[in-house]
Number of protein chains: 2
Amino acid sequence: MSDMHHAEPASAPPEQGLRERKKERTRRAIAGAALRLFAERGYEETTIADIAAAAEVSPRTFFSYFPSKEDVVFAEIDDRLAEVADRLAHRPADEPPLETIRHSVVAVLEAIVSEHGAYSAVQVGLILERPGLQARALQRMTDTQQTIEELLRELCPGLDEIDAVAASGIAVGGMQAVIVHCRRNGYEPRSMRVALDRALTIVENGLGSVEALRRTPDA
Amino acid sequence: MSDMHHAEPASAPPEQGLRERKKERTRRAIAGAALRLFAERGYEETTIADIAAAAEVSPRTFFSYFPSKEDVVFAEIDDRLAEVADRLAHRPADEPPLETIRHSVVAVLEAIVSEHGAYSAVQVGLILERPGLQARALQRMTDTQQTIEELLRELCPGLDEIDAVAASGIAVGGMQAVIVHCRRNGYEPRSMRVALDRALTIVENGLGSVEALRRTPDA
DNA sequence: TGCAATTTTGCATCTATTGCAATTCTGCAC
DNA sequence: GTGCAGAATTGCAATAGATGCAAAATTGCA
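Nothing here was measured: the structure is a model prediction, and the numbers come from that model.

### What about the nonpolar core?
With 129 residues, the main nonpolar core has A:Val72, A:Leu207, A:Leu213, B:Val72, B:Leu207 and B:Leu213 as its most contacted residues. Not counting the four nearest positions on each side in its chain, A:Leu207 is found in contact with A:Ile202, A:Leu213, B:Leu98, B:Ile101, B:Ala167, B:Ile170, B:Val203 and B:Glu204.

As C-alpha coordinates, this is what we get:
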(Lines give C-alpha, C1' and ligand atoms only; values in the text may rest on other atoms or scores of the structure.)
Protein backbone atom coordinates (compact mmCIF):
# COMPACT_ATOMS: atom_id res chain seq x y z
CA MET A 1 0.00 0.00 0.00
CA SER A 2 2.84 2.34 -0.82
CA ASP A 3 3.26 3.11 -4.46
CA MET A 4 0.09 4.07 -6.15
CA HIS A 5 1.71 4.45 -9.55
CA HIS A 6 -1.15 3.19 -11.52
CA ALA A 7 -2.87 1.95 -8.42
CA GLU A 8 -6.18 0.19 -8.14
CA PRO A 9 -8.45 0.86 -11.05
CA ALA A 10 -10.83 2.70 -8.79
CA SER A 11 -13.77 1.51 -10.83
CA ALA A 12 -17.27 0.89 -9.57
CA PRO A 13 -16.83 -2.63 -8.21
CA PRO A 14 -14.37 -2.17 -5.33
CA GLU A 15 -11.92 -4.46 -7.17
CA GLN A 16 -10.28 -6.34 -4.37
CA GLY A 17 -6.78 -7.63 -4.45
CA LEU A 18 -6.01 -11.26 -4.90
CA ARG A 19 -5.60 -11.67 -1.19
CA GLU A 20 -9.06 -10.35 -0.41
CA ARG A 21 -10.43 -12.59 -3.06
CA LYS A 22 -9.02 -15.64 -1.38
CA LYS A 23 -10.34 -14.59 1.97
CA GLU A 24 -13.71 -14.22 0.43
CA ARG A 25 -13.47 -17.69 -1.01
CA THR A 26 -12.49 -19.11 2.34
CA ARG A 27 -15.33 -17.30 4.01
CA ARG A 28 -17.78 -18.81 1.61
CA ALA A 29 -16.21 -22.21 2.03
CA ILE A 30 -16.64 -22.07 5.77
CA ALA A 31 -20.19 -20.75 5.61
CA GLY A 32 -21.10 -23.26 2.94
CA ALA A 33 -19.65 -26.19 4.81
CA ALA A 34 -21.36 -25.07 7.98
CA LEU A 35 -24.78 -24.75 6.40
CA ARG A 36 -24.43 -28.06 4.67
CA LEU A 37 -23.49 -29.81 7.89
CA PHE A 38 -26.22 -28.07 9.81
CA ALA A 39 -28.71 -29.30 7.25
CA GLU A 40 -27.37 -32.83 7.38
CA ARG A 41 -26.77 -33.44 11.05
CA GLY A 42 -28.38 -30.51 12.80
CA TYR A 43 -26.99 -27.43 14.43
CA GLU A 44 -25.79 -28.56 17.84
CA GLU A 45 -24.74 -31.87 16.39
CA THR A 46 -22.18 -30.04 14.29
CA THR A 47 -19.07 -28.79 16.03
CA ILE A 48 -16.69 -26.07 15.04
CA ALA A 49 -14.15 -28.79 14.46
CA ASP A 50 -16.48 -30.48 11.99
CA ILE A 51 -17.04 -27.29 10.10
CA ALA A 52 -13.37 -26.47 10.00
CA ALA A 53 -12.53 -29.92 8.75
CA ALA A 54 -15.16 -29.74 6.03
CA ALA A 55 -13.89 -26.34 4.96
CA GLU A 56 -10.29 -27.52 5.14
CA VAL A 57 -9.08 -24.96 7.61
CA SER A 58 -8.02 -25.26 11.22
CA PRO A 59 -10.63 -24.87 13.90
CA ARG A 60 -8.82 -21.81 15.11
CA THR A 61 -9.21 -20.17 11.73
CA PHE A 62 -12.95 -20.44 11.92
CA PHE A 63 -12.94 -17.77 14.56
CA SER A 64 -10.95 -15.38 12.48
CA TYR A 65 -13.78 -15.39 9.98
CA PHE A 66 -16.78 -15.55 12.26
CA PRO A 67 -16.96 -14.39 15.83
CA SER A 68 -19.17 -17.27 16.83
CA LYS A 69 -20.82 -20.40 15.59
CA GLU A 70 -24.14 -18.63 15.58
CA ASP A 71 -22.96 -15.89 13.29
CA VAL A 72 -22.03 -18.25 10.52
CA VAL A 73 -25.70 -18.98 10.01
CA PHE A 74 -26.20 -15.35 9.09
CA ALA A 75 -23.29 -15.06 6.71
CA GLU A 76 -25.42 -14.82 3.61
CA ILE A 77 -28.19 -12.85 5.21
CA ASP A 78 -25.73 -10.31 6.51
CA ASP A 79 -24.26 -9.88 3.07
CA ARG A 80 -27.65 -9.26 1.61
CA LEU A 81 -28.65 -6.89 4.35
CA ALA A 82 -25.49 -4.93 3.75
CA GLU A 83 -26.38 -4.65 0.08
CA VAL A 84 -29.84 -3.46 0.94
CA ALA A 85 -28.50 -0.85 3.34
CA ASP A 86 -26.20 0.32 0.62
CA ARG A 87 -28.95 0.49 -1.92
CA LEU A 88 -31.17 2.41 0.45
CA ALA A 89 -28.48 5.01 1.01
CA HIS A 90 -28.68 5.87 -2.67
CA ARG A 91 -32.35 6.48 -3.03
CA PRO A 92 -33.73 9.37 -5.07
CA ALA A 93 -33.38 12.32 -2.74
CA ASP A 94 -36.79 13.67 -3.68
CA GLU A 95 -38.71 10.59 -2.71
CA PRO A 96 -41.29 11.04 0.03
CA PRO A 97 -39.93 9.53 3.24
CA LEU A 98 -42.96 7.34 3.68
CA GLU A 99 -42.21 5.83 0.34
CA THR A 100 -38.63 5.22 1.33
CA ILE A 101 -39.72 3.45 4.47
CA ARG A 102 -42.00 1.24 2.50
CA HIS A 103 -39.16 0.38 0.17
CA SER A 104 -36.91 -0.36 3.08
CA VAL A 105 -39.25 -2.77 4.72
CA VAL A 106 -39.93 -4.59 1.49
CA ALA A 107 -36.26 -4.77 0.60
CA VAL A 108 -35.19 -6.09 3.95
CA LEU A 109 -37.91 -8.69 4.00
CA GLU A 110 -36.92 -9.85 0.57
CA ALA A 111 -33.32 -10.03 1.66
CA ILE A 112 -34.23 -12.26 4.54
CA VAL A 113 -36.58 -14.72 2.90
CA SER A 114 -35.17 -14.57 -0.60
CA GLU A 115 -34.75 -17.80 -2.46
CA HIS A 116 -31.29 -16.89 -3.58
CA GLY A 117 -29.07 -18.67 -1.11
CA ALA A 118 -28.82 -22.38 -1.66
CA TYR A 119 -29.65 -22.93 1.96
CA SER A 120 -32.10 -20.17 2.75
CA ALA A 121 -34.76 -22.63 3.76
CA VAL A 122 -32.33 -24.33 6.07
CA GLN A 123 -31.30 -21.06 7.60
CA VAL A 124 -34.81 -19.88 8.20
CA GLY A 125 -35.67 -23.21 9.72
CA LEU A 126 -32.68 -23.17 12.02
CA ILE A 127 -33.23 -19.62 13.08
CA LEU A 128 -36.84 -20.21 13.88
CA GLU A 129 -36.10 -23.18 16.08
CA ARG A 130 -33.02 -22.38 18.14
CA PRO A 131 -33.65 -19.65 20.66
CA GLY A 132 -30.06 -18.51 20.44
CA LEU A 133 -30.37 -17.97 16.73
CA GLN A 134 -33.68 -16.22 17.12
CA ALA A 135 -31.94 -13.81 19.40
CA ARG A 136 -29.27 -13.17 16.81
CA ALA A 137 -31.93 -12.56 14.24
CA LEU A 138 -33.54 -10.01 16.49
CA GLN A 139 -30.23 -8.22 16.72
CA ARG A 140 -30.28 -7.88 12.96
CA MET A 141 -33.70 -6.42 13.38
CA THR A 142 -32.46 -3.67 15.63
CA ASP A 143 -29.57 -3.03 13.29
CA THR A 144 -32.14 -2.59 10.58
CA GLN A 145 -34.08 -0.24 12.75
CA GLN A 146 -31.04 1.90 13.21
CA THR A 147 -30.31 1.90 9.51
CA ILE A 148 -33.82 3.05 8.77
CA GLU A 149 -33.64 5.69 11.42
CA GLU A 150 -30.45 7.14 10.02
CA LEU A 151 -31.96 7.11 6.59
CA LEU A 152 -34.98 9.01 7.86
CA ARG A 153 -32.97 11.62 9.62
CA GLU A 154 -30.99 12.21 6.52
CA LEU A 155 -34.14 12.62 4.47
CA CYS A 156 -35.86 14.85 7.01
CA PRO A 157 -33.18 16.94 8.68
CA GLY A 158 -35.67 18.65 10.93
CA LEU A 159 -37.33 15.48 12.18
CA ASP A 160 -37.60 15.21 15.96
CA GLU A 161 -35.46 12.51 17.43
CA ILE A 162 -38.39 10.75 19.02
CA ASP A 163 -40.32 10.82 15.77
CA ALA A 164 -37.42 9.30 13.93
CA VAL A 165 -36.93 6.51 16.45
CA ALA A 166 -40.62 5.87 16.72
CA ALA A 167 -41.12 5.72 12.98
CA SER A 168 -38.26 3.32 12.44
CA GLY A 169 -39.26 1.23 15.42
CA ILE A 170 -42.81 0.99 14.21
CA ALA A 171 -41.74 0.13 10.69
CA VAL A 172 -39.54 -2.65 11.98
CA GLY A 173 -42.35 -3.79 14.22
CA GLY A 174 -44.52 -4.17 11.18
CA MET A 175 -41.78 -6.11 9.47
CA GLN A 176 -41.41 -8.38 12.42
CA ALA A 177 -45.13 -8.97 12.32
CA VAL A 178 -44.99 -10.09 8.73
CA ILE A 179 -42.24 -12.52 9.59
CA VAL A 180 -44.23 -13.96 12.44
CA HIS A 181 -47.24 -14.24 10.20
CA CYS A 182 -45.30 -16.08 7.53
CA ARG A 183 -43.72 -18.34 10.08
CA ARG A 184 -47.22 -19.52 10.89
CA ASN A 185 -48.93 -19.47 7.52
CA GLY A 186 -46.12 -20.50 5.27
CA TYR A 187 -44.12 -18.57 2.77
CA GLU A 188 -46.23 -18.49 -0.37
CA PRO A 189 -45.26 -15.29 -2.16
CA ARG A 190 -48.87 -14.45 -2.82
CA SER A 191 -50.16 -14.42 0.73
CA MET A 192 -46.93 -12.83 1.86
CA ARG A 193 -47.58 -9.89 -0.40
CA VAL A 194 -51.03 -9.49 0.97
CA ALA A 195 -49.87 -9.64 4.56
CA LEU A 196 -47.03 -7.26 3.89
CA ASP A 197 -49.33 -4.74 2.28
CA ARG A 198 -51.79 -4.93 5.10
CA ALA A 199 -49.07 -4.53 7.72
CA LEU A 200 -47.62 -1.54 5.92
CA THR A 201 -51.04 0.01 5.66
CA ILE A 202 -51.45 -0.24 9.40
CA VAL A 203 -47.97 1.13 9.91
CA GLU A 204 -48.82 4.14 7.81
CA ASN A 205 -52.36 4.75 9.03
CA GLY A 206 -52.02 3.62 12.60
CA LEU A 207 -53.77 1.09 14.74
CA GLY A 208 -56.64 3.52 14.88
CA SER A 209 -57.35 2.72 11.26
CA VAL A 210 -58.26 -0.82 12.18
CA GLU A 211 -61.97 -0.64 12.82
CA ALA A 212 -62.15 -3.61 15.13
CA LEU A 213 -59.64 -2.02 17.46
CA ARG A 214 -61.65 1.16 17.99
CA ARG A 215 -64.87 -0.43 19.01
CA THR A 216 -65.61 -1.57 22.49
CA PRO A 217 -66.30 -5.28 22.28
CA ASP A 218 -69.98 -5.99 22.81
CA ALA A 219 -69.42 -8.57 25.53
CA MET B 1 -42.69 -24.15 61.77
CA SER B 2 -44.64 -26.98 63.24
CA ASP B 3 -48.03 -25.98 64.46
CA MET B 4 -50.20 -25.30 61.48
CA HIS B 5 -53.30 -26.44 63.29
CA HIS B 6 -55.52 -24.42 61.13
CA ALA B 7 -53.40 -25.19 58.07
CA GLU B 8 -52.92 -23.06 54.95
CA PRO B 9 -55.39 -20.22 54.78
CA ALA B 10 -56.11 -20.86 51.12
CA SER B 11 -56.38 -17.13 50.59
CA ALA B 12 -55.78 -15.16 47.43
CA PRO B 13 -51.98 -15.36 47.30
CA PRO B 14 -51.25 -18.92 46.13
CA GLU B 15 -49.72 -19.70 49.53
CA GLN B 16 -46.86 -21.95 48.68
CA GLY B 17 -45.57 -24.72 50.83
CA LEU B 18 -42.47 -24.37 52.92
CA ARG B 19 -40.44 -26.09 50.31
CA GLU B 20 -41.41 -23.66 47.59
CA ARG B 21 -40.69 -20.85 49.93
CA LYS B 22 -37.14 -22.02 50.42
CA LYS B 23 -36.60 -22.45 46.73
CA GLU B 24 -37.79 -18.94 46.22
CA ARG B 25 -35.33 -17.70 48.80
CA THR B 26 -32.51 -19.55 47.15
CA ARG B 27 -33.49 -18.17 43.79
CA ARG B 28 -33.35 -14.67 45.14
CA ALA B 29 -30.05 -15.37 46.84
CA ILE B 30 -28.52 -16.50 43.59
CA ALA B 31 -29.92 -13.65 41.57
CA GLY B 32 -28.93 -11.14 44.22
CA ALA B 33 -25.41 -12.45 44.51
CA ALA B 34 -25.07 -12.47 40.76
CA LEU B 35 -26.24 -8.90 40.32
CA ARG B 36 -24.04 -7.69 43.11
CA LEU B 37 -20.98 -9.36 41.65
CA PHE B 38 -21.81 -8.15 38.16
CA ALA B 39 -21.97 -4.65 39.53
CA GLU B 40 -18.71 -5.01 41.37
CA ARG B 41 -16.48 -6.83 38.95
CA GLY B 42 -18.39 -6.83 35.71
CA TYR B 43 -20.33 -9.47 33.87
CA GLU B 44 -17.73 -11.59 32.14
CA GLU B 45 -15.37 -11.13 35.05
CA THR B 46 -17.84 -13.01 37.21
CA THR B 47 -18.01 -16.76 36.79
CA ILE B 48 -20.77 -19.15 37.66
CA ALA B 49 -18.48 -20.48 40.35
CA ASP B 50 -18.20 -17.02 41.88
CA ILE B 51 -21.94 -16.57 41.91
CA ALA B 52 -22.54 -19.98 43.39
CA ALA B 53 -19.99 -19.35 46.09
CA ALA B 54 -21.49 -16.01 46.97
CA ALA B 55 -24.94 -17.55 47.15
CA GLU B 56 -23.63 -20.51 49.11
CA VAL B 57 -24.74 -23.19 46.74
CA SER B 58 -22.82 -25.47 44.48
CA PRO B 59 -22.09 -24.34 40.94
CA ARG B 60 -24.15 -27.21 39.72
CA THR B 61 -27.16 -25.91 41.59
CA PHE B 62 -27.03 -22.61 39.80
CA PHE B 63 -28.23 -24.35 36.68
CA SER B 64 -31.19 -25.89 38.38
CA TYR B 65 -32.43 -22.37 39.05
CA PHE B 66 -31.43 -20.58 35.89
CA PRO B 67 -30.88 -22.10 32.50
CA SER B 68 -27.95 -19.84 31.78
CA LYS B 69 -25.79 -17.11 33.17
CA GLU B 70 -27.54 -14.61 30.97
CA ASP B 71 -30.95 -15.43 32.30
CA VAL B 72 -30.06 -14.57 35.84
CA VAL B 73 -29.81 -10.94 34.82
CA PHE B 74 -33.46 -11.03 33.94
CA ALA B 75 -34.68 -12.73 37.09
CA GLU B 76 -36.40 -9.67 38.47
CA ILE B 77 -37.54 -8.33 35.16
CA ASP B 78 -39.12 -11.63 34.26
CA ASP B 79 -41.00 -11.67 37.52
CA ARG B 80 -42.36 -8.24 36.89
CA LEU B 81 -43.26 -9.01 33.30
CA ALA B 82 -45.16 -12.05 34.49
CA GLU B 83 -47.11 -9.87 36.88
CA VAL B 84 -47.91 -7.44 34.13
CA ALA B 85 -49.08 -10.18 31.82
CA ASP B 86 -51.28 -11.43 34.58
CA ARG B 87 -52.70 -8.03 35.28
CA LEU B 88 -53.40 -7.46 31.61
CA ALA B 89 -55.36 -10.67 31.40
CA HIS B 90 -57.84 -9.23 33.87
CA ARG B 91 -58.67 -6.00 32.21
CA PRO B 92 -62.22 -4.66 32.06
CA ALA B 93 -63.75 -6.57 29.21
CA ASP B 94 -65.51 -3.52 27.86
CA GLU B 95 -62.38 -1.45 27.41
CA PRO B 96 -61.64 -0.33 23.86
CA PRO B 97 -58.77 -2.46 22.53
CA LEU B 98 -56.75 0.60 21.66
CA GLU B 99 -56.89 1.60 25.26
CA THR B 100 -55.78 -1.84 26.34
CA ILE B 101 -52.84 -1.68 24.03
CA ARG B 102 -51.84 1.64 25.43
CA HIS B 103 -52.04 0.25 28.93
CA SER B 104 -49.97 -2.73 27.93
CA VAL B 105 -47.16 -0.70 26.51
CA VAL B 106 -47.04 1.59 29.48
CA ALA B 107 -47.17 -1.26 31.96
CA VAL B 108 -44.43 -3.23 30.28
CA LEU B 109 -42.19 -0.21 30.01
CA GLU B 110 -42.69 0.54 33.67
CA ALA B 111 -41.90 -3.04 34.53
CA ILE B 112 -38.63 -2.82 32.68
CA VAL B 113 -37.29 0.49 33.85
CA SER B 114 -38.96 0.59 37.23
CA GLU B 115 -36.92 1.75 40.15
CA HIS B 116 -38.08 -1.13 42.28
CA GLY B 117 -35.28 -3.61 42.01
CA ALA B 118 -32.18 -2.72 43.97
CA TYR B 119 -30.10 -3.31 40.91
CA SER B 120 -32.32 -2.11 38.10
CA ALA B 121 -29.76 0.45 37.01
CA VAL B 122 -27.10 -2.20 36.95
CA GLN B 123 -29.28 -4.53 34.95
CA VAL B 124 -30.20 -1.95 32.39
CA GLY B 125 -26.58 -0.96 32.06
CA LEU B 126 -25.44 -4.52 31.59
CA ILE B 127 -28.15 -5.34 29.14
CA LEU B 128 -27.42 -2.33 27.04
CA GLU B 129 -23.73 -3.12 26.76
CA ARG B 130 -23.40 -6.85 26.27
CA PRO B 131 -24.70 -7.97 22.90
CA GLY B 132 -25.66 -11.33 24.30
CA LEU B 133 -27.84 -9.72 26.91
CA GLN B 134 -29.35 -7.36 24.39
CA ALA B 135 -30.40 -10.39 22.45
CA ARG B 136 -32.04 -11.88 25.49
CA ALA B 137 -33.84 -8.65 26.10
CA LEU B 138 -35.17 -8.74 22.58
CA GLN B 139 -36.54 -12.18 23.23
CA ARG B 140 -38.53 -10.72 26.07
CA MET B 141 -39.76 -8.19 23.59
CA THR B 142 -41.15 -10.84 21.30
CA ASP B 143 -42.69 -12.62 24.23
CA THR B 144 -44.40 -9.39 25.05
CA GLN B 145 -45.55 -9.09 21.48
CA GLN B 146 -47.15 -12.47 21.69
CA THR B 147 -48.82 -11.64 24.97
CA ILE B 148 -50.29 -8.51 23.49
CA GLU B 149 -51.42 -10.35 20.42
CA GLU B 150 -53.24 -12.96 22.43
CA LEU B 151 -54.84 -10.25 24.49
CA LEU B 152 -56.04 -8.55 21.34
CA ARG B 153 -57.48 -11.64 19.84
CA GLU B 154 -59.37 -12.30 22.98
CA LEU B 155 -60.78 -8.80 22.99
CA CYS B 156 -61.64 -8.81 19.30
CA PRO B 157 -62.65 -12.34 18.38
CA GLY B 158 -63.20 -11.42 14.77
CA LEU B 159 -59.88 -9.70 14.25
CA ASP B 160 -57.91 -10.88 11.24
CA GLU B 161 -54.76 -12.74 12.12
CA ILE B 162 -52.58 -10.36 10.20
CA ASP B 163 -54.20 -7.38 11.85
CA ALA B 164 -53.59 -8.85 15.27
CA VAL B 165 -49.94 -9.61 14.59
CA ALA B 166 -49.36 -6.30 12.92
CA ALA B 167 -50.98 -4.33 15.72
CA SER B 168 -48.99 -6.08 18.42
CA GLY B 169 -45.80 -5.89 16.41
CA ILE B 170 -46.26 -2.20 15.83
CA ALA B 171 -47.08 -1.56 19.46
CA VAL B 172 -43.95 -3.35 20.55
CA GLY B 173 -42.01 -1.47 17.91
CA GLY B 174 -43.13 1.75 19.49
CA MET B 175 -42.11 0.46 22.87
CA GLN B 176 -38.72 -0.50 21.59
CA ALA B 177 -38.38 2.97 20.20
CA VAL B 178 -39.04 4.55 23.56
CA ILE B 179 -36.39 2.35 25.10
CA VAL B 180 -33.86 3.34 22.49
CA HIS B 181 -34.75 6.96 22.99
CA CYS B 182 -34.27 6.72 26.74
CA ARG B 183 -31.05 4.85 26.34
CA ARG B 184 -29.75 7.93 24.55
CA ASN B 185 -31.40 10.76 26.43
CA GLY B 186 -31.44 9.41 29.92
CA TYR B 187 -34.24 8.14 32.05
CA GLU B 188 -35.81 11.23 33.55
CA PRO B 189 -39.44 10.32 34.16
CA ARG B 190 -40.59 13.59 32.67
CA SER B 191 -39.04 13.32 29.26
CA MET B 192 -39.82 9.63 29.22
CA ARG B 193 -43.47 10.39 29.56
CA VAL B 194 -43.33 12.82 26.71
CA ALA B 195 -41.50 10.41 24.47
CA LEU B 196 -43.83 7.60 25.35
CA ASP B 197 -46.88 9.68 24.58
CA ARG B 198 -45.49 10.77 21.28
CA ALA B 199 -44.57 7.24 20.29
CA LEU B 200 -47.99 5.96 21.21
CA THR B 201 -49.61 8.72 19.24
CA ILE B 202 -47.67 7.67 16.18
CA VAL B 203 -48.54 4.05 16.82
CA GLU B 204 -52.20 4.93 16.91
CA ASN B 205 -52.30 7.43 14.09
CA GLY B 206 -49.64 5.99 11.84
CA LEU B 207 -46.47 7.31 10.33
CA GLY B 208 -48.66 9.21 7.95
CA SER B 209 -49.63 11.46 10.82
CA VAL B 210 -46.09 12.75 11.06
CA GLU B 211 -46.09 15.75 8.79
CA ALA B 212 -42.39 15.70 8.04
CA LEU B 213 -42.65 12.19 6.69
CA ARG B 214 -45.28 13.01 4.11
CA ARG B 215 -43.50 15.84 2.46
CA THR B 216 -40.90 15.43 -0.19
CA PRO B 217 -37.75 16.97 1.17
CA ASP B 218 -36.93 20.22 -0.62
CA ALA B 219 -33.33 19.32 -1.35
C1' DT C 1 14.96 -13.76 -4.93
C1' DG C 2 14.05 -12.17 -0.41
C1' DC C 3 11.72 -9.28 2.82
C1' DA C 4 7.76 -7.77 5.39
C1' DA C 5 3.06 -8.10 6.16
C1' DT C 6 -0.71 -11.15 6.57
C1' DT C 7 -2.80 -15.56 7.58
C1' DT C 8 -3.04 -19.82 9.33
C1' DT C 9 -2.20 -22.91 12.77
C1' DG C 10 -1.27 -25.44 17.17
C1' DC C 11 -1.58 -25.28 21.86
C1' DA C 12 -3.04 -24.08 26.27
C1' DT C 13 -6.69 -22.36 28.83
C1' DC C 14 -11.01 -20.67 30.50
C1' DT C 15 -15.69 -21.16 31.20
C1' DA C 16 -20.44 -22.29 30.33
C1' DT C 17 -23.35 -26.12 30.18
C1' DT C 18 -25.04 -30.83 30.75
C1' DG C 19 -25.57 -35.82 32.21
C1' DC C 20 -25.20 -39.00 35.79
C1' DA C 21 -25.11 -40.99 40.09
C1' DA C 22 -24.30 -40.43 44.97
C1' DT C 23 -25.84 -37.86 48.96
C1' DT C 24 -28.58 -35.04 51.76
C1' DC C 25 -32.89 -32.89 53.00
C1' DT C 26 -37.89 -32.30 53.70
C1' DG C 27 -42.61 -33.22 54.36
C1' DC C 28 -45.52 -36.54 55.70
C1' DA C 29 -47.54 -41.00 57.16
C1' DC C 30 -47.48 -44.38 60.55
C1' DG D 1 -40.56 -40.36 67.20
C1' DT D 2 -39.22 -43.00 63.12
C1' DG D 3 -38.69 -44.14 58.51
C1' DC D 4 -39.78 -43.66 53.73
C1' DA D 5 -40.56 -41.53 49.11
C1' DG D 6 -39.73 -37.73 46.61
C1' DA D 7 -37.13 -33.48 45.85
C1' DA D 8 -33.16 -30.85 46.03
C1' DT D 9 -28.19 -30.47 46.24
C1' DT D 10 -23.87 -31.81 45.13
C1' DG D 11 -19.56 -33.75 42.98
C1' DC D 12 -17.49 -35.41 39.07
C1' DA D 13 -16.52 -35.84 34.48
C1' DA D 14 -16.97 -34.59 29.82
C1' DT D 15 -18.21 -31.59 25.84
C1' DA D 16 -17.68 -27.66 23.24
C1' DG D 17 -17.37 -22.78 22.28
C1' DA D 18 -14.25 -18.99 22.60
C1' DT D 19 -9.79 -16.47 23.19
C1' DG D 20 -4.78 -15.27 23.75
C1' DC D 21 -0.29 -16.17 22.19
C1' DA D 22 3.60 -17.25 19.55
C1' DA D 23 5.47 -20.28 15.96
C1' DA D 24 5.02 -21.51 11.11
C1' DA D 25 3.36 -20.99 6.53
C1' DT D 26 1.74 -17.88 2.76
C1' DT D 27 1.51 -14.10 -0.12
C1' DG D 28 2.29 -9.63 -2.47
C1' DC D 29 5.57 -6.88 -3.94
C1' DA D 30 10.08 -4.48 -4.42
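### Concerning the interface of chain B and chain A
With 52 residues of chain B at the contact, the number on the chain A side is 52 residues. Of the roughly 4,100 Å² buried between chain B and chain A on both sides combined, carbon and sulfur atoms contribute 68%. Put simply, chain B and chain A have 6 salt bridges between them. Close ionic contact of B:Arg198 with A:Asp163 constitutes a salt bridge, the shortest N to O distance being 2.6 Å. Linking chain B with chain A are 18 residue pairs in polar contact (both at pLDDT 80 or more). Among the elements of the structure, helix 6 (97–113), helix 8 (131–155), helix 9 (161–185), helix 10 (189–205) and helix 11 (211–214) of chain B are those that each provide at least two residues to the side of chain B that touches chain A. Broken down by element, the side of chain B that touches chain A gets its largest block of residues, 16 residues, from helix 9 of chain B.

### Quick word on the pattern of salt bridges
Residues and elements named next belong to chain B. Summed over all chains, the structure comprises 36 salt bridges over all chains. Its salt-bridge partner being Glu24, residue Arg28 comes within 3.7 Å of it at the nearest N-O pair. Of the two residues, Arg28 and Glu24 are both situated in helix 1 (residues 18–41); the distance of 4 residues between them amounts to about one turn of the helix. Measuring nitrogen to oxygen at the nearest pair gives 3.3 Å for the salt bridge that ties Arg36 to Glu40. Taken as a pair, Arg36 and Glu40 lie in helix 1 at a separation of 4 residues, close to a single helical turn. Residue classification places Arg36 among the partly exposed residues on the basis of a relative accessible area of 32%.

### Considerations on the packing of aromatic side chains
All names here are of chain A. Inspection of the entire model under this criterion finds 6 aromatic pairs over all chains. Plain terms: the ring middles of Phe62 and Phe63 are 5.2 Å apart, the flat faces sit at 80° to each other, and that makes the pair edge-to-face. Linked through ring pairs, Phe62, Phe63 and Phe66 together constitute an aromatic cluster. The ring centre of Tyr65 lies 5.3 Å from the NZ or CZ of Lys23, which sits over that ring.

### Some remarks on the packing of helix 6 of chain B against helix 8 of chain B
Residue and element names in this part refer to chain B. Between helix 6 and helix 8, the shortest axis-to-axis distance is 11 Å and the interhelical angle comes to 160°. Our classification of the angle between helix 6 and helix 8 gives roughly antiparallel. Helix 8 is crossed by helix 6, and the crossing has right-handed handedness. Taken together, the residues of helix 8 that come into contact with helix 6 (itself represented by Pro97, Thr100, Ile101, Ser104 and Val108) are Thr144, Ile148, Leu151, Leu152 and Leu155. Looking at the contact of helix 6 with helix 8 residue by residue, the class counts come to 7 nonpolar, 3 polar and no charged.

### Some remarks on the protein's contact with DNA strand C
Around DNA strand C there are 18 residues in total, and A:Thr61, A:Tyr65, B:Leu18, B:Arg60 and B:Lys69 lie nearest to it. For DNA strand C, the fraction of atoms within 4 Å of the protein that belong to sugar or phosphate moieties is 63%. Contact distances for DNA strand C include 2.9 Å between a phosphate oxygen and a backbone N or O atom of A:Ser58. In the model, a phosphate oxygen of DNA strand C is placed 2.8 Å from a nitrogen or oxygen of the A:Tyr65 side chain. Looking at the surface near DNA strand C residue by residue, the classes come out as 6 nonpolar, 5 polar and 7 charged.

### Section: the side chain of B:His181
With respect to the helices and strands, B:His181 occurs in helix 9. At 3.2 Å, the side chain of B:His181 forms a polar contact with the side chain of A:Glu161. In contact with B:His181, not counting residues within four places along its chain, are A:Glu161, A:Ile162, A:Val165 and B:Ala195.

### A short note on the packing of helix 8 (residues 131–155) of chain A against helix 9 (residues 161–185) of chain A
All names here are of chain A. In contact at an axis separation of 9 Å, helix 8 and helix 9 are set at 140° when each is read in the N-to-C sense. Here helix 8 lies oblique to helix 9, going by the angle between them. Here the hand of the crossing between helix 8 and helix 9 comes out right-handed. Here Leu138, Met141, Thr144, Gln145, Ile148, Glu149, Leu152 and Arg153 of helix 8 come into contact with helix 9, specifically with Glu161, Ala164, Val165, Ala167, Ser168, Gly169, Val172, Met175, Gln176 and Ile179. Tallied by class, the residues present in the contact of helix 8 with helix 9 amount to 10 nonpolar, 5 polar and 3 charged.

### Description of unusual backbone geometry
Only a minority of non-glycine residues have a phi that is not negative, and only a minority of peptide bonds are not trans. The phi dihedral of A:Glu56 falls on the positive side, at around 60°, and the residue is not glycine. Topologically, A:Glu56 is positioned in the loop between helix 2 (48–55) and helix 3 (59–65).

### Observations concerning the relation of the copies chain B and chain A
Mapping chain B onto chain A leaves a residual RMSD of 0.1 Å; the transformation is a rotation of 180° accompanied by 0.0 Å of translation along its axis. Those values place the two copies in the arrangement expected of a two-fold rotation axis. No C-alpha of chain B approaches the rotation axis more nearly than that of B:Gly206, which lies at 1.8 Å. Here 100% of the interface residues in chain B have copies in chain A that are interface residues too; the copies meet face to matching face.

Thresholds, definitions, all that
- Residues numbered from 1 in each chain as written.
- Chains lettered and ligands numbered in written order.
- Predicted model: local features only at pLDDT ≥ 70, side-chain atom pairs only at ≥ 80, totals over all residues.
- Heavy atoms only, no water.
- Core = buried A, V, L, I, M, F, W, Y, C linked by side-chain atoms within 4.5 Å.
- Buried < 20%, exposed > 50% of the residue type's maximum accessible area, 1.4 Å probe, protein only.
- Contact = heavy atoms within 4.5 Å.
- Buried area = accessible area lost by both parts, 1.4 Å probe.
- Salt bridge = Lys/Arg side-chain N within 4 Å of Asp/Glu carboxyl O.
- Polar contact = N/O pair within 3.5 Å; in protein donor to acceptor, adjacent residues only side chain to side chain.
- Helix = DSSP H or I, 4+ residues; strand = E, 2+ residues; numbered from the N terminus.
- Phe/Tyr/Trp six-rings, centres within 6.5 Å; stacked < 30°, edge-to-face > 60°.
- Lys NZ or Arg CZ within 6 Å of the ring centre and 35° of its normal.
- Axes fitted to C-alpha atoms, helices over the stretch in contact; angles between N-to-C directions.
- Parallel < 35°, antiparallel > 145°, perpendicular 65-115°, else oblique.
- Left-handed = near helix turned anticlockwise from the far one by under 90°.
- Nonpolar A, V, L, I, M, F, W, Y, C, P; charged D, E, K, R; others polar.
- Near = heavy atom within 4 Å.
- Least-squares fit on C-alpha atoms with pLDDT ≥ 70 in both.

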